Amino acid sequence: MLILKQHEVSGGYGSNCYIIGCEETKEAAVIDPGGDGEKIIAILDRHQLTPRYIINTHGHLDHIGANTEIKDKYNCEVLIHEEDQEMLTNPMKNLSGMMGRKIVSPPADRPLKQGDVIEIGNIKLEVIHTPGHTKGGICLRTDDMVFTGDTLFSGSVGRSDFPGGNHTTLINSIKDKLMVLDDDVVVYSGHGPESTIGDEKANNPFLR
């Protein structure tokens, strides 16, 4: 498995885009392409990867901004939780309309739900529905790693003051669905550095 991280600052927001590639089949998934589509495409081409999916952990502008560019290039499917799919095509719901940017993504090719499994070559990603930052926020688990979007960060948690957010729901999602994972599971979040489940159990002040 090949994990590539593209850190970007898109429209004033620092967000992490991840590329997961199967080294045998060269199939890939792009998680949260928030911007800098040309750079993401260059990384894919450099590693001779063909994305089969774009997976959005939620529908905010800084996680969907390059969906159109990547889908147009590779004709891959856009996947997002069913509760957030309207955010892809509605600038007010994805918050870009409030920022004067009016981002519109292609609609979801497949709405996701809890327990779905996404296959990328020989890699399997399990969908974990973790509402709280948005109603349809998800995390993606494979082997000893979890991609948490804006649900869980190193030493922090996602905001819950946007439409569709709820702090109690967010904390319950993290405690019930992420803190039950093994301590050595690596956390790859939507913003900031990586961490581990064990580190967050011990040190995250929002989870005490």
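Everything below is about the structure printed above this text.
Read on for an overview of the structure. In this numbering scheme, every chain counts its residues from 1 along its sequence in written order. For this predicted model, a pLDDT threshold of at least 70 governs which residues receive local features, and a threshold of 80 or more governs which side-chain atom pairs are given and counted, while totals over whole chains, interfaces and linings are taken from all residues. Note that water and hydrogens are dropped before the side-chain values are worked out from all heavy atoms of the structure.

All right, on to the pairing of strand β13 (residues 186–189) then. Burial here depends on accessible area, computed with a 1.4 Å probe over protein chains only, as a share of the maximum for the residue type. Under 20% is buried, over 50% is exposed, and the range in between is partly exposed. Helix and strand assignments follow DSSP, with helices taken as H or I runs no shorter than four residues and strands as E runs no shorter than two, numbered in order from the N terminus. The two faces of β13 match: Val 186 and Tyr 188 on one face and Val 187 and Ser 189 on the other face are all buried. Pairing between strand β10 (residues 145–149) and β13: 4 bridges, direction parallel. Opposite Gly 149, over in β13, you have Ser 189 as the bridge partner. The pairing of β13 with strand β14 (residues 195–196) spans 2 bridges and is antiparallel. Between any two strands, at least two bridges found by DSSP are needed for them to pair.

Next up on the list: the side chain of Ser 173. Structurally, the position occupied by Ser 173 is in helix α5 (residues 167–178). Non-local contacts of Ser 173, meaning those with residues more than four positions away in its chain, are made with Thr 130, Pro 131 and Leu 178. A contact between two residues is defined here by any heavy atoms of the two lying within 4.5 Å.

As a further point, take the side chain of Thr 148. Its location among the elements puts Thr 148 in strand β10. Residue Thr 148 is classed as buried on the basis of its relative accessible area of 0%. The residues contacting Thr 148, other than those within four sequence positions of it, are Ile 138, Cys 139, Leu 178, Val 187, Tyr 188 and Ser 189.

Nonpolar side chains (Val, Leu, Ile, Met, Phe, Trp, Tyr) are joined into patches within 5 Å and like charges within 9 Å, using only residues with over 30% relative accessible area and no salt bridge. Computed with the Shrake-Rupley method and a 1.4 Å probe, the accessible areas treat only the protein chains shown as cover for residues. A side-chain nitrogen of Lys or Arg and a carboxyl oxygen of Asp or Glu constitute a salt bridge if their distance falls within 4 Å. His is not counted, nor are the chain ends, whereas Lys and Arg count as positive and Asp and Glu as negative. In this description, the location of a charge corresponds to atom NZ of lysine, CZ of arginine, CG of aspartate or CD of glutamate. Side chains of Asp 143, Asp 144, Asp 182 and Asp 184 sit close together on the surface and give a patch of like negative charge. Within the secondary structure, Asp 143 sits in the loop between β9 (138–142) and β10. Accessibility expressed as a relative area gives 55% for Asp 143, which makes it exposed.

Because the α-helix completes a turn every 3.6 residues, residues three or four places apart line up on one side. Of all the residues in helix α1 (residues 37–46), the buried ones are Gly 37, Ile 40, Ile 41, Ile 43 and Leu 44. Along the axis of α1, the buried positions cluster into a sector of 160 degrees, meaning they face one direction only. Seen from the buried face of α1, the exposed residues on the opposite side, beyond 90 degrees, are Glu 38 and Arg 46. Gln 48, located one to two residues past α1, shows a positive phi value of around 55 degrees. Here the arc refers to the directions that run from the helix axis out to each C-beta atom.

Taken as a whole and judged by the stated rule, the model has 6 salt bridges. The shortest N-O distance in the salt bridge between Glu 27 and Arg 52 comes to 3.7 Å. One end of the pair, Glu 27, is in strand β3 (residues 27–31); the other, Arg 52, is in strand β4 (residues 50–55), with 25 residues separating them in the sequence. Judged by relative accessible area, which is 39%, Arg 52 ranks as partly exposed. For the salt bridge of Glu 86 with Lys 93, the shortest nitrogen-to-oxygen distance reads 2.5 Å.

All right, on to the packing of α1 against helix α3 (residues 67–74) then. Packing of α1 against α3 leaves a shortest axis separation of 9 Å and a crossing angle of 40 degrees. In terms of axis orientation, α1 runs oblique to α3. Considering only the axes of α1 and α3, their crossing is right-handed. Here Gly 37, Glu 38, Ile 40, Ile 41, Leu 44 and Asp 45 of α1 come into contact with α3, specifically with Glu 69, Ile 70, Lys 73 and Tyr 74. Polar here means any residue other than Ala, Val, Leu, Ile, Met, Phe, Trp, Tyr, Cys and Pro, which are nonpolar, and Asp, Glu, Lys and Arg, which are charged; Gly is therefore polar. By residue class, the composition of the contact of α1 with α3 is 5 nonpolar, 1 polar and 4 charged. Lines are fitted to the C-alpha atoms to define the axes, a helix being fitted only along its stretch in contact, and any angle between axes, read from their N-to-C directions, falls within 0 to 180 degrees. For classification purposes, an angle smaller than 35 degrees is called roughly parallel, one larger than 145 roughly antiparallel, one from 65 to 115 roughly perpendicular, and anything else oblique. Handedness of a crossing is defined here by the sense of rotation of the near helix relative to the far one, left-handed for an anticlockwise turn of less than a right angle and right-handed for a clockwise turn.

So, on to the environment of Gly 14. Within the secondary structure layout, Gly 14 lies in strand β2 (residues 13–21). Judged by relative accessible area, Gly 14 falls into the partly exposed class, the value being 26%. Taking the C-alpha atoms as reference points, Gly 14 and Val 30, separated by 16 residues in sequence, lie 17 Å from one another.

Once that is clear, we can look at the state of the cysteines. Count a disulfide wherever a pair of cysteine sulfur atoms falls within 2.5 Å. Tallied over the full model, the rule gives 0 disulfides. The thiol of Cys 22 is not disulfide-bonded; the next cysteine sulfur, from Cys 76, is found 16 Å away. Taking relative accessible area as the criterion, Cys 22 reaches 4% and is therefore assigned buried. The structure places no disulfide on Cys 76, whose sulfur is separated from the nearest cysteine sulfur, that of Cys 17, by 11 Å. A residue is classified by how much of its surface remains accessible, and Cys 76, at 1% relative accessible area, is buried.

These values are about where atoms sit, not about what they do.
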